[in-house]
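Analysis of the macromolecular model
One letter stands for each residue in the lines below.
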Amino acid sequence: MWMGNESVPHPKVSVSTTTYPQAAPTSPPPPPSAPDLPRLPAGPRWPRLVQTQMVWRRLKAFDERWNRRYGDVFTIKALPWGTAVMIRDREMIKEIFTGDPSVFHAGEGNDMLAPVLGHQSVLVLDEDQHMQTRKRLLPPFHGEAVRIYGQAVEEIVRAEVARWPIGEPFALHPRMREVTLEVILRTVIGVQAPERLQELRRVLPDTVDIKFWTMAMWALPLLGYLPPWRRYKHTVRDAFALLDQEIARRREVPDLEQRTDVLSLLIVAGEMDDANLRDQIMSLLLAGHETTTTALAWTFERLLRTPLVLQRARAAAAEGDDAYLDAVAKEALRCRPVIPAVTRRLTRPVKIGGYHFPAGVTLLPMITLMHDSAELFPDPHSFRPERFLEGHSDTYAWIPFGGGRRRCIGAAFAMLEMRVTLRTILNECELYAPDPRAEPVRNRHITLTPRYGTRVVRRS
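Our subject in this report is the structure included herewith.

1. Quick notes on the packing of helix α11 (residues 229-252) against helix α13 (residues 274-288)
In helix packing, the relevant descriptors are the interaxial angle and the interaxial distance, both defined with respect to the helix axes. The N-to-C vectors of α11 and α13 enclose an angle of 120°; their axes lie 10 Å apart at closest approach. By the angle between their directions, the pair α11 and α13 is classed as oblique. The two elements α11 and α13 cross, and the hand of that crossing is right-handed. Each of F240, L243, D244, I247 and R251 in α11 lies in contact with α13, whose residues at this interface are D274, L277, R278, I281 and M282. Looking at the contact of α11 with α13 residue by residue, the classes come out as 6 nonpolar, no polar and 4 charged.

2. Concerning the nonpolar core
Ranked by internal contacts, the top residues of the largest apolar core, which has 133 residues, are I76, W164, I189, L303, L363 and I425. Ranked by the residues each element gives to this core, the list is headed by helix α18 (residues 411-428), at 10 residues. Non-local contacts of I189, meaning those with residues more than four positions away in its chain, are made with I184, L204, L243, E246, R250, D261, L263 and I281.

3. As for the side chain of E290
Looking at the secondary structure, you find E290 in helix α14 (residues 290-303). Look past the residues within four positions of E290 in its chain and what remains in contact with it is H173, R177, R444, H445 and T447.

4. Some remarks on the pairing of strand β10 (residues 362-365)
In β10, alternate side chains face the same way, and those of T362 and L364 on one face and L363 and P365 on the other are all buried. Sheet topology note: the strand β7 (residues 344-346)/β10 ladder contains 2 bridges and is antiparallel. What sits directly across from R344, in β10, is L363.

5. Re the sheet that holds strand β4 (residues 82-87)
Read from one edge of the open sheet, 5 strands run β3-β4-β10-β7-β5, paired in mixed fashion. Of all the strands in the sheet, the pair left with one neighbour each is β3 (73-78) and β5 (104-105). Examined bridge by bridge, β4 and β10 share 4 bridges and lie parallel to one another. Following the sheet pairing, I87 is matched in β10 by P365. Docked against the sheet, helix α2 (residues 59-70) engages β3 and β4, running at close to 135° with respect to β3. Helix α3 (residues 90-98) rests against β3, β4, β5, β7 and β10 of the sheet, and its axis sits at about 120° to β10.

6. With respect to unusual backbone geometry
With an omega dihedral of 10°, the bond running from L79 to P80 counts as a cis peptide bond. You can see P80 is positioned in the loop between β3 and β4. Cis geometry marks the peptide bond from P227 to P228, where omega comes out at 5°. The residue P228 is located in the loop between α10 (212-219) and α11 in this model. If you check the backbone angles, T454 has positive phi at about 60° while not being a glycine. Within the secondary structure layout, T454 lies in the loop between β13 (447-450) and β14 (455-458).

7. A few points about the layout of surface pockets
The calculated volume of the largest pocket comes to roughly 290 Å³. Together, 13 residues line the largest pocket, and L79, P80, F212, A216 and A219 are the ones closest to its centre. Contributions of two or more residues to the lining of the largest pocket are made by α1 (48-57) and α10. Counted by class, the lining of the largest pocket contains 10 nonpolar, 2 polar and 1 charged residues. In this structure, the second largest pocket encloses a volume near 250 Å³. In terms of lining, the second largest pocket is formed by W56, R57, D209, K211, F212, W213, R442, N443, R444 and H445. Among the secondary structure elements, those contributing two or more residues to the lining of the second largest pocket are α1, α10 and β12 (441-444). With 3 residues, β12 is the largest single contributor of residues to the lining of the second largest pocket. Of the residues in the lining of the second largest pocket, the class split is 3 nonpolar, 2 polar and 5 charged.

8. A look at α13
At 3.6 residues per turn, the α-helix brings residues three or four places apart onto the same side. The terminal C-alpha atoms of α13, which comprises 15 residues, lie 21 Å apart, in line with the 21 Å expected from a rise of 1.5 Å per residue. Of all 15 residues that make up α13, 12 are buried, and the element is covered over most of its length. For α13, the set of buried residues is N276, L277, R278, D279, Q280, I281, M282, S283, L284, L285, L286 and G288. One side-chain oxygen at the N-terminal end of α13 lies 3.3 Å from the backbone nitrogen of A275; it belongs to D273.

9. Let's talk about helix α8 (residues 172-189)
Over its 18 residues, α8 extends 25 Å from the first C-alpha to the last, a length consistent with the 26 Å expected when each residue adds 1.5 Å. With respect to burial, α8 is a largely interior element, 13 of its 18 residues being buried. Remark: G190 follows α8 within two positions and exhibits a positive phi of approximately 75°.

10. What to know about a positive patch on the surface
Side chains of R45, R65, R68 and R69 sit close together on the surface and give a patch of like positive charge. Relative to the elements of secondary structure, R69 occurs in helix α2. A relative accessible area of 59% means that R69 is categorised as exposed.

Reading the values: the criteria
Residues numbered from 1 in each chain as written. Predicted model: local features only at pLDDT ≥ 70, side-chain atom pairs only at ≥ 80, totals over all residues. Heavy atoms only, no water. Axes fitted to C-alpha atoms, helices over the stretch in contact; angles between N-to-C directions. Helix = DSSP H or I, 4+ residues; strand = E, 2+ residues; numbered from the N terminus. Parallel < 35°, antiparallel > 145°, perpendicular 65-115°, else oblique. Left-handed = near helix turned anticlockwise from the far one by under 90°. Contact = heavy atoms within 4.5 Å. Nonpolar A, V, L, I, M, F, W, Y, C, P; charged D, E, K, R; others polar. Core = buried A, V, L, I, M, F, W, Y, C linked by side-chain atoms within 4.5 Å. Buried < 20%, exposed > 50% of the residue type's maximum accessible area, 1.4 Å probe, protein only. Pairing = 2+ DSSP bridges. 1 Å grid on protein atoms, 1.4 Å probe; cavity = no way out; pocket = protein on both sides within 12 Å on 5 of 7 lines; lining within 4 Å. Points joined across faces, edges and corners; volume = space filled by probe spheres on them. Expected span 1.5 Å × (residues − 1). Polar contact = N/O pair within 3.5 Å; in protein donor to acceptor, adjacent residues only side chain to side chain. Patch = residues over 30% accessible without salt bridge, like charges linked within 9 Å, V, L, I, M, F, W, Y side chains within 5 Å. Areas by Shrake-Rupley, 256 points an atom, 1.4 Å probe, with all protein chains shown as cover. Salt bridge = Lys/Arg side-chain N within 4 Å of Asp/Glu carboxyl O. Lys, Arg positive; Asp, Glu negative; His and termini not counted. Charge placed at Lys NZ, Arg CZ, Asp CG, Glu CD.

Below, the structure is given as structure tokens:
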């Protein structure tokens, strides 16, 4: 065996009486190559707490800065992930979305939300448990099951618009929050009794209003004994109790099999116990309330600052051109994504895109960075819905709902809700922005919202 740079000379060889000189020593072969070792991409060297603060307070500026410096793949160190890798590369994201679900854990990446969602939530499960729960949840969110909710959405939006002031500036974001909560109460939970509706309207919004300081309690449980964490724990407890009561009552109603809300359909299917049902309803509330609220607020923020698009959108609403309204919603989700990233926690080491990632690292396919790519979306800072009418959007480039086996179950529902809300508001009233300047992006817990809540004025 060759060891290092050592060599072994050949012996002298004698033929008759002639002695030949010693042969020159041969060069040793190169040492065996070292095995592939985990190698993380470069990234900022700021202290972990500084990076954590930047991620949760100024994420868009943070990731854009380091994307310019380090390229499409870079490592950060921030809570709650520890070591995480931000990724903008399309091919790497495709590998992540199509990879082995036993290696790329999405549920483990969301486990910080388990105290409010419940430990059986589809969002915090992985592998077989996740797939089984996902299959049970899918039927109410596809095809005709989704389309029948359109009328309820339209009624809710019309009732909300009727309450808006004329000629006075107001923030649209909280008004959209009222709409999306009511949509969930009527179409997902299916509450009908006025007194229970009022209780749920009071408790549920505060339950899913998860702030950074709220999550600190989940990392440091002792904080739960101090205000304001103690108050938040009581709010979650009240929400669970109200949903438990609603599920128990629903099982007893005589017209259960005729109801079309999601909760009733899941009860009729008979595959979940009460605790499981509650966890899934909480998941649908978290995933479909604030996210759709913010998506609608951003859609109008962009529309009201792009006159030609607004003009065409109004015509599309009047003519029933849902294809264009869908394109408007998709373009808003592209240029102002609500959720900044997708999470995958590695259970085993993997090699992707020339990098070796060790187990325990969190990979973050960055929705914000992907949607800003001029290579994937020419002229990315222009609000141009036509790009979604000119061809199919790339599955691994336009990713507001994630991708692969973990793509958002409610994606079709969210698109229908956005389309119907857009059409109804554009037909019911005329809005304009009192300030022509774009509203900056603000971090609000796990979402990116318009800083001023999309300020608008209603003309008529």
